[in-house]
Amino acid sequence: MKKINIEEINRNIYNIKNKDEYDFKIKKGLTKEIVEEISKQKDDPEWMKELRLKALETYNKLELPTWGPDISELDMDEIATYVRPKTKLNNTWEDVPEDIKNTFDKLGIPEAEKRSLAGVGAQYDSEVVYHSMKEELMKQGVIYTDMESAVKKYPELVKQHFMKCVPINDHKFVALHAAVWSGGSFVYVPKGVKVDIPLQSYFRLNSPESGQFEHTLIIVDEGASLHFIEGCSAPKYNKVNLHAGCVELYVKENAYLRYSTIENWSKNMLNLNTKKAIVEKNAQVDWVTGSFGSKISMLYPMSILNGEGAKTEYTGISFAGEGQNLDNGFKVIHNNKNTSSVVNAKSISKNGGKCTYRSLVRINENAKNSKSIVSCDSLMLDDISMSDTIPVNDIRTDDVEFSHEAKIGKISDKAIFYLMSRGLSEEDAKAMIVRGFAYPISKELPVEYAVEMNNLINLELEGAIG
Amino acid sequence: MSKELLEIKDLYVNAGETEILKGINLKINKGEIHVIMGPNGSGKTTTANAILNNPIYHKENGSIILDGEDITNSKTDEIARKGVFMSFQLPEEIPGISVRNFLKYAKNKITGKPVKIFEFKDELKKYMEELNMNTKNMDRSLNVGFSGGEKKKNEILQMLILNPKLAILDETDSGLDVDAIKTVSKGIEMFKNKKNAVLIITHNTKILHSLKVDYVHVLINGKIVKTGGQDLAKKIEENGYAQYKY
Amino acid sequence: MEILKLNETPVRTARNFNINNIKLENINIPEKIEKFSNINIINNNSKVEIDSIIDNSNIVYGLNEFFSNQVEKDSNQKIRLNINSKINKETRIEYKFDKENNTLIDNIQIIANENTKSTIIIKYFTEEDLEIFHNGIINVIAKNGAELDIVIINLTTIKSNNFIAIQNTLKENSKINYCIIDLGGKNSITNYYSKLEGKLAINNVNTIYLGKENQLFDLNYIAELNGEKTNINIEVQGALKDNAKKHFKGTIDFKKGCKKAKGNENEACVLLSDTAKSLALPMLLCSEEDVEGNHSTSAGKISEKELFYIMSRGFSLKEAMKLMVKAKFNKILENIKNEEIKEQILIEIDNRLD
């Protein structure tokens, strides 16, 4: 049978390159002077400056990972870690400079804000250029702001939580992040407040040979709930760009947080991101992740189920095409009784792309009556692509229900014949099966969600059913 | 306009190295219901698959003509769009695509016309009710988690919606209880008219109790060894296939 | 204090997951290897030649360099089986450990020539409460069309150190069925590597482990599928009592060119105490499109419902638990044709479950 020819994602929208204009771009490399300069530029309080310098020391001490994709092409001497766009933080789109606003327009952000979001943050290179939230949420005490403002306005809250969920020495790129972080969002949802409509932060990296190191810190207080969406993209350059963000989520007793990500970095990006959630008693965090872009991605969101009855679900898909090595997965630690985790991971490899599902499920001694169900499915669309499944299952007590299942294979010829017998062409039949494969993830995203995943899948599988 | 809908001429078909069909000849006219009967392994399912040109079977010789047009080497989807439908013995499960969206899309492909959403839903609902199907199943993934009976009814539903010229029913009656067989027969009667035809493939005679047919062919070891009317099925019911073995 | 690092996985993952290799401390490695003479070879088959002309220089994995070298240089038993039998008959090698024979370094090579059939049973056991040391290599070559049933039984004490590296090379249309019963060892470390080179080669592996007190099992199974339409099935059933601990690393590696190959791996661990530990890494690696790979793993205690059902038929809790564990083991033991050996294994399992 003829090989399927699914076109590369139409990247035109994502590929809009603006001129590399900035207010300030730090010189390339990573030294104490550079970190001090960033700290000065950002007018850090003393504790933050100290944290940055300590992190730099840690960075220099830590080794590169001895596993996973080869990231030796990353040369920090060639990366500018801080690029300040030529604008201040704005709270109306009118004040955002024309070319930057145009980019976000084309990505559909202001439109989505009007239709289906309760608040939006937009970061361009190293700084947030736009932040706004519906007034009624403000009245309820919800805080949604850029990270820099949070450091100044809510010093105690930030200091208490910043790099506490993800310790600086977690791995080398966390240390790097802590040393040069800039931008990102801070969210606080007070006790009992239910934010029904999602908040969204969008991260755009325009500047070549640079890095984005945004920090997202979300605290959902007792009994509150939130859906947070993060999107990211960048135009493609010939040289490597680096993304080493950090996401710290605190989900307090009885609270609920859904964290959705549509990652569509350009294919020269090294995406070495770190995300963790600490989940308290009877609280729940759900991760929904679509990973389409990047040259290399190493991303393993982690739920730490500290409270009794804490829950987490991970629903993720990776789609690797030519030249991409997407090493993604999930980690969960069960630290208390009656906790539960459900993992549904899928991957698609085509045109020589490589997907790896890498994971950890650890059920500790005290996590009695806990439950974990993991399922991974990998689809190979041709014989030049690769797909690996590397799950670690660490069960340290008996009173648990744990099961893990993984499948790997191609689209079944029988299924293709069945659909063709109903009048679908071979390409249509394959596209329909691939879409059906991705459906459990795409259905988890809000229908209104303007920009990303559904669009990407639809573009990818153009001609399939509407 | 010609009465003849399908003609199979001297068809030889292999699966891998094995020769399965050894010279099949068959003519089906518009307005007729034909039955191919035969024991397990005689080549019944191969015949159905060969008409739709399933790539796992290889035609060594012979031709298949639909409505005057040679479809021997056409692609499966082209054959489907020209008006041949097959109800599968083991319908495939396709996760993530609902019955409704699938059929809407397939109908669009087959008719080449846009499908009106609300009319289509009403039509679907009507047929599902006629077939005693749970109408909620229209929003479930295609065949996923359906029972054997639900899958077979879903095939008949697809036949009614796609309204082909020739419907091939491959063992649609097997594994069904009496009530389900009646429902399937009812579906065939609803479908049947003077312009189309039905080819039923089966190894037992149950469905012929509730359905009137025009021709019965006995397929043994890759060849049609006997052709007759409904009474031939009765004889087989009484005496089995042994009399035809040689 | 020397730390031994061995049994590396073919692909690394994060170091803090503690599964890339196994680190052992305080292992008494005998420096001077005495003779081992308590060996009994029962050969019912005149078509199986036995000698000691071994060439095991092609070992790909092994446990680590040190252990492979020890076998290469210091083995006190060398056995080569050269099989020319067309009918499946049994050849049995039995090592019995006692005070004088407490260290065994064995180097075994099995060559199944074209279109031959045979059964090989290798048993390690002792009737005394001894600390023994065993390090061995079993290197098997199945030539075109050869069929082999291999049973490996480790019934040594829970004070023992048991190290074994198995390597299989499968040529066209060959088939090797393994049944591995692993009950013994303070540390029982197994490296199992199969290379399915020839098309249509089949390798079935069925394993039981049963751990109590502070026993540690580290099983590193690697199957490489190179040939078209090759087939690997790995089934591992285990139970852990007390503080016993198991690491299972199972890799099915679909290499480019292994079109229409299939790989299945199922690993289930019954935890019989709240301090027993099960660590598993079931990997699927794939560089070929037209393949089917599945793995599943599970861990947990015996379900209360099942126990209740059996107890309602008059069994005590302990009896019911034993019954359930044995029920899980039975589907693996079914693969052993020799009833006498099967009975022996069942008795031993019964004793160790007490």
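Residues numbered from 1 in each chain as written. Chains lettered and ligands numbered in written order. Predicted model: local features only at pLDDT ≥ 70, side-chain atom pairs only at ≥ 80, totals over all residues. Heavy atoms only, no water.

Engineer: Describe the overall build of chain B, and please don't skip the residues or the numbers.
Structural biologist: Counting its regular elements, chain B contains seven helices and 12 strands. For chain B, whose C-alpha radius of gyration is 18 Å, the value lies close to the compact-globule estimate of 18 Å for 246 residues. Its C-alpha atoms give chain B principal-axis dimensions of about 55 × 40 × 40 Å. Looking at chain B residue by residue over its 246 residues, the buried ones come to 54%. At a minimum sequence separation of 6, the contacts of chain B that also span at least 24 residues come to 67%. Carbon and sulfur atoms provide 48% of the accessible area of chain B, an area that totals close to 11000 Å². Within chain B, one finds 37 positive and 32 negative side-chain charges whose respective centroids are separated by 4 Å. (Helix = DSSP H or I, 4+ residues; strand = E, 2+ residues; numbered from the N terminus. Rg over C-alpha atoms; globule rule 2.2 N^0.38 Å. Buried < 20%, exposed > 50% of the residue type's maximum accessible area, 1.4 Å probe, protein only. Contact = heavy atoms within 4.5 Å. Areas by Shrake-Rupley, 256 points an atom, 1.4 Å probe, with all protein chains shown as cover. Lys, Arg positive; Asp, Glu negative; His and termini not counted. Charge placed at Lys NZ, Arg CZ, Asp CG, Glu CD.)

Engineer: Just give me the short version of helix α1 (residues 44-51) of chain B, but keep the residues and values in it.
Structural biologist: The buried count for α1(B) comes to seven of eight residues, which makes it a mostly enclosed element. Positive phi appears at B:N53, one or two residues downstream of α1(B), with a value of about 50°.

Engineer: Talk me through the interface of chain A and chain B; I want residue IDs and the actual numbers.
Structural biologist: Taken together, the 23 residues of chain A in the interface contact 32 residues of chain B. Buried area between chain A and chain B, summed over both chains or domains, comes out near 2200 Å², and the portion from carbon and sulfur atoms is 69%. Run the count over chain A and chain B and you get three salt bridges. In this assembly, chain A and chain B are joined by 10 residue pairs in polar contact (both at pLDDT 80 or more). Elements supplying a minimum of two residues to the side of chain A that touches chain B: α9 (413-420) and α10 (426-442) of chain A. A total of seven residues in the side of chain A that touches chain B trace back to one element, the largest contributor, which is α10(A). Residue classes in the side of chain A that touches chain B are distributed as 13 nonpolar, six polar and four charged. (Buried area = accessible area lost by both parts, 1.4 Å probe. Salt bridge = Lys/Arg side-chain N within 4 Å of Asp/Glu carboxyl O. Polar contact = N/O pair within 3.5 Å; in protein donor to acceptor, adjacent residues only side chain to side chain. Nonpolar A, V, L, I, M, F, W, Y, C, P; charged D, E, K, R; others polar.)

Engineer: Give a detailed account of the environment of A:G192, specifying residues and quantitative values.
Structural biologist: All names here are of chain A. One can find G192 in the loop between β6 (185-189) and β7 (199-204). Measuring from C-alpha to C-alpha, the distance between G192 and H334 comes to 25 Å, with 142 residues separating the pair along the chain. Those residues in contact with G192 that lie beyond four places of it in its chain are E222, G223 and A224.

Engineer: So what's going on with the pairing of strand β2 (residues 22-25) of chain C? Residues and values would help.
Structural biologist: Put simply, side chains in a regular strand alternate between the two faces of the sheet. Residues and elements named next belong to chain C. Only one face of β2 is covered, namely the one carrying I22 and L24; the face carrying K23 and E25 has none of its residues buried. Taken together, the four bridges between strand β1 (residues 3-6) and β2 define a ladder with antiparallel strand orientation. The residue of β2 that forms the bridge with L4 is L24. (Pairing = 2+ DSSP bridges.)

Engineer: Explain the pattern of salt bridges to me, using residue names and the numbers behind them.
Structural biologist: A side chain with one charge can pair with a side chain of the opposite charge if their charged atoms come near. Counted under the stated rule, the structure contains 65 salt bridges over all chains. Note that A:D44 and A:R52 form a salt bridge whose closest N and O atoms lie 2.5 Å from each other. Taken as a pair, A:D44 and A:R52 share a single burial class, namely buried. The residue C:K260 makes a salt bridge to C:D290 at a minimum N-O spacing of 2.6 Å. You can see C:K260 sitting in the loop between β17 (245-254) and β18 (262-271) and its partner C:D290 sitting in the loop between β19 (277-286) and β20 (292-300), a full 30 residues away along the chain. According to the relative accessible area criterion, C:D290 is buried, its value standing at 16%.

Engineer: Can you lay out the state of the cysteines for me, pointing to particular residues and giving the numbers?
Structural biologist: Enumeration according to the criterion identifies zero disulfides over all chains in this entry. There is no disulfide at A:C165, and the cysteine sulfur nearest it, in A:C246, is 7.7 Å away. The thiol of A:C355 is not disulfide-bonded; the next cysteine sulfur, from C:C286, is found 11 Å away. (Disulfide = S-S within 2.5 Å.)

Engineer: How would you sum up the confidence of the model for chain B? Please name residues and give values.
Structural biologist: Put simply, chain B has an average pLDDT of 91, and 99% of its residues get 70 or more. Here strand β7 (residues 94-98) of chain B stands out as the least confident element of chain B, with mean pLDDT 86; strand β5 (residues 69-70) of chain B is the most confident, with 96. (pLDDT = per-residue confidence, 0-100.)

Engineer: An account of the sheet that holds strand β3 (residues 33-37) of chain B is requested, with residue identities and associated values reported.
Structural biologist: All names here are of chain B. On the basis of which strands lie adjacent, the open sheet formed by six strands has the order β6-β9-β10-β3-β11-β12 and mixed pairing. Edge strands, defined here as strands with exactly one partner in the open sheet, are β6 (84-87) and β12 (223-228). Between one strand axis and the next, the sheet turns through 20° on average, direction left out of account. Pairing geometry for β3 and strand β11 (residues 215-220), over four bridges, is parallel. Each residue of the ladder has a partner; that of H34, found in β11, is Y215. Running at roughly 165° to β6, helix α5 (residues 148-162) makes contact with β6 and β9 (166-170) of the sheet. Where helix α7 (residues 230-239) meets the sheet, it contacts β3, β11 and β12, and its direction lies at approximately 45° from that of β11. (Axes fitted to C-alpha atoms, helices over the stretch in contact; angles between N-to-C directions.)

Engineer: Report on the interface of chain A and chain C, specifying residues and quantitative values.
Structural biologist: Contact with chain A, which involves 42 residues of that partner, is made by 41 residues of chain C. Put simply, chain A and chain C have five salt bridges between them. The residue C:D274 makes a salt bridge to A:K368 at a minimum N-O spacing of 3.7 Å. Linking chain A with chain C are 18 residue pairs in polar contact (both at pLDDT 80 or more). For the side of chain A that touches chain C, the elements supplying multiple residues, two or more each, are β22 (354-363), β24 (386-395) and β25 (400-409) of chain A. A class-by-class count of the residues in the side of chain A that touches chain C yields 14 nonpolar, 11 polar and 17 charged.

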